[in-house]
Amino acid sequence: MAKKLSVVVPTFNESGNVAELARQVGEALDGVDYNIWFIDDSNDDTPKVLEELCKNDTHCHFHHREGEAQTGLATAVIEGFNMADGDFLACMDADLQHPPAILRPMYAAMLSGADICIPSRLIRGGSDGGLNVIRKFVSGTARWMGKAALSSLRKISDPTSGLFMFKKSMLEGADLKPIGWKIMIEVLAMCSYRLVVEIPYEFQDRNSGESKISKKVTLQYIEQLKNLRTRGIRHDSVIVTRWSPEFTESMVKKYCEKKMTGQTADEKAGN
Ligand SMILES: Nc1nc2c(ncn2[C@@H]2O[C@H](COP(=O)(O)OP(=O)(O)OP(=O)(O)O)[C@@H](O)[C@H]2O)c(=O)[nH]1
Ligand SMILES: [Mg+2]
């Protein structure tokens, strides 16, 4: 059976970005059965823009939350995961820092048999988009802390970003209770999986609007790490495979040719 993909996008005051994001996602996923779920906590005109977008583009759905914004980005993403109907779920920021074109190789990785695909800025072919020294330091420290605290993050080159795709079935029985922003570390620490595929990507500048990152988010990250140290499950048998840019391209050709079948490797082989 063809695999459906749901892309979950948390939004807080992103009215200048959502239409362009939906357009670029549509371009990237030409031929794929997909939809986009915007989970919105905005206090500006973003809900109106999303309503209009969803009227014009049947791939798009949105859910506006009132009074829950203080519980943070990660709970919005979990709500999206629960609402979305894809076999595969992706999480992506709205501000186009995660280039939507990366969804196609991510989908190819999933069809090839990955349980999770995690794009990385830190492997050959990837780039942090020229982050300034301070942001590089903050992001490097967050990564170092995450790997020091949680063994499930150690083999992953870029574990603190919010860009990933995984099998929805991994959520069954998983006790996800993220504090703050970091949704992927919660999934990596709390879900069962075997094969992680990393592919390179180039992080971009924010397209429009403002960053929502704050000191509170940093404190919540430390709290979440402490919490996951006690709650996290073991991942001794996890295999992390790193794809080169060339191999990634060949896998896109193999799995996402013009006429998409949306079938996994096993299904194609008739297993
Ligand atoms: N639903 C929801 N989305 C949020 C919330 N806070 C941030 N977001 C969204 O989460 C994504 C990441 O937020 P950003 O402000 O871009 O954070 P960042 O990418 O770490 O920071 P910059 O590099 O400065 O952009 C964006 O799509 C935001 O709109 C929130 O409280 N609720
Ligand atoms: Mg951003």
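Further up the page is the structure itself.
Below: a short report on this structure. All of these numbers come straight from a predicted model, not from anything done at the bench. (Residues numbered from 1 in each chain as written. Chains lettered and ligands numbered in written order. Predicted model: local features only at pLDDT ≥ 70, side-chain atom pairs only at ≥ 80, totals over all residues.)

Within the chain one finds nine helices and eight strands. Against the 2.2 N^0.38 benchmark of 18 Å for 271 residues, the chain shows a C-alpha radius of gyration of 18 Å, consistent with a compact globule. The principal-axis extents of the C-alpha atoms in the chain amount to approximately 50 × 45 × 40 Å. Residue burial in the chain is summarised as follows: out of 271 residues, 42% are buried. If you take every contact in the chain between residues at least 6 apart in sequence, the share linking residues at least 24 apart comes to 83%. (Helix = DSSP H or I, 4+ residues; strand = E, 2+ residues; numbered from the N terminus. Rg over C-alpha atoms; globule rule 2.2 N^0.38 Å. Buried ≥ 20, exposed ≤ 12 C-beta atoms within 10 Å, placed from the backbone. Contact = placed C-beta atoms within 7 Å.)

For Arg234, the location among the structural elements is in the loop between α7 (215-231) and β8 (239-242). Classification of Arg234 by C-beta neighbours within 10 Å gives exposed; the count is 9. In the structure, Arg234 is positioned 42 residues away from Ser192 in sequence and 8.6 Å away in space, judged by C-alpha atoms.

What surrounds ligand 1 is a group of 19 residues, the closest being Pro10, Phe12, Ala76, Ala94 and Ser211. At the level of elements, β1 (5-11), β2 (34-40) and α3 (73-83) are the ones that each hand at least two residues to the shell around ligand 1. Looking at side-chain class alone, the shell around ligand 1 contains eight nonpolar, four polar and seven charged residues. (Near = placed C-beta within 6 Å. Nonpolar A, V, L, I, M, F, W, Y, C, P; charged D, E, K, R; others polar.)

Take the pairing of β1 next. Burial runs high along β1: seven of the seven residues are buried. Neither face of β1 is left uncovered, since the one carrying Leu5, Val7, Val9 and Thr11 and the one carrying Ser6, Val8 and Pro10 both have all their residues buried. The parallel pair β1 and β2, bridged by helix α1 (residues 18-28), forms a crossover whose chirality is right-handed. Taken together, the four bridges between β1 and strand β4 (residues 88-91) define a ladder with parallel strand orientation. Bridged to Val7 within β4 is Ala90. (Right-handed = clockwise from strand over helix to strand, strands pointing away. Pairing = 2+ DSSP bridges.)

With a phi angle near 55°, Asn13 is a residue other than glycine that sits in the positive phi range. In this structure, Asn13 sits in the loop between β1 and α1. We classify Asn13 as partly exposed; it has 17 C-beta atoms within 10 Å. For Leu96, which is not glycine, the phi torsion reads 70° and is therefore positive. Looking at the secondary structure, you find Leu96 in the loop between β4 and α4 (103-111).

On to the environment of Asp175, then. Positionally, Asp175 belongs in the loop between β6 (164-167) and α6 (183-190). With 57 residues separating them along the chain, Asp175 and Gly232 place their C-alpha atoms 9.3 Å apart.

Glancing now at the pairing of β8. Here strand β7 (residues 195-200) runs beside β8; their pairing, made up of four bridges, is parallel. The residue bridging Leu195 from the neighbouring strand is Ile239, located in β8. Following the chain from β7 across α7 to the adjacent parallel β8, one finds a crossover that is right-handed.

Since the α-helix turns once every 3.6 residues, residues separated by three or four places project in the same direction. A large share of α3 lies buried, amounting to eight of its 11 residues. Listed in full, the buried residues belonging to α3 are Leu73, Ala74, Thr75, Ala76, Val77, Ile78, Gly80 and Phe81. In this structure, the buried residues of α3 make contact with β1, β2, β4 and α6.

Between α4 and helix α8 (residues 245-255), the least distance of the axes is 9 Å, while the angle of their chain directions is 70°. Judged on the interaxial angle alone, α8 and α4 are roughly perpendicular. In this structure, α4 contributes Arg104, Pro105, Ala108, Ala109 and Leu111 to the contact, and α8 contributes Thr248, Met251, Val252 and Tyr255. When its residues are assigned to classes, the contact of α4 with α8 shows seven nonpolar, one polar and one charged. (Axes fitted to C-alpha atoms, helices over the stretch in contact; angles between N-to-C directions. Parallel < 35°, antiparallel > 145°, perpendicular 65-115°, else oblique.)

Turning our attention to the packing of α1 against helix α2 (residues 46-56). Across the interface, α1 lies against α2 with an axial gap of 10 Å and an inter-helix angle of 35°. Across the interface between the two elements, Val18, Ala19 and Ala22 from α1 touch Thr46, Val49, Leu50 and Leu53 from α2. A per-class count over the contact of α1 with α2 returns six nonpolar, one polar and no charged.

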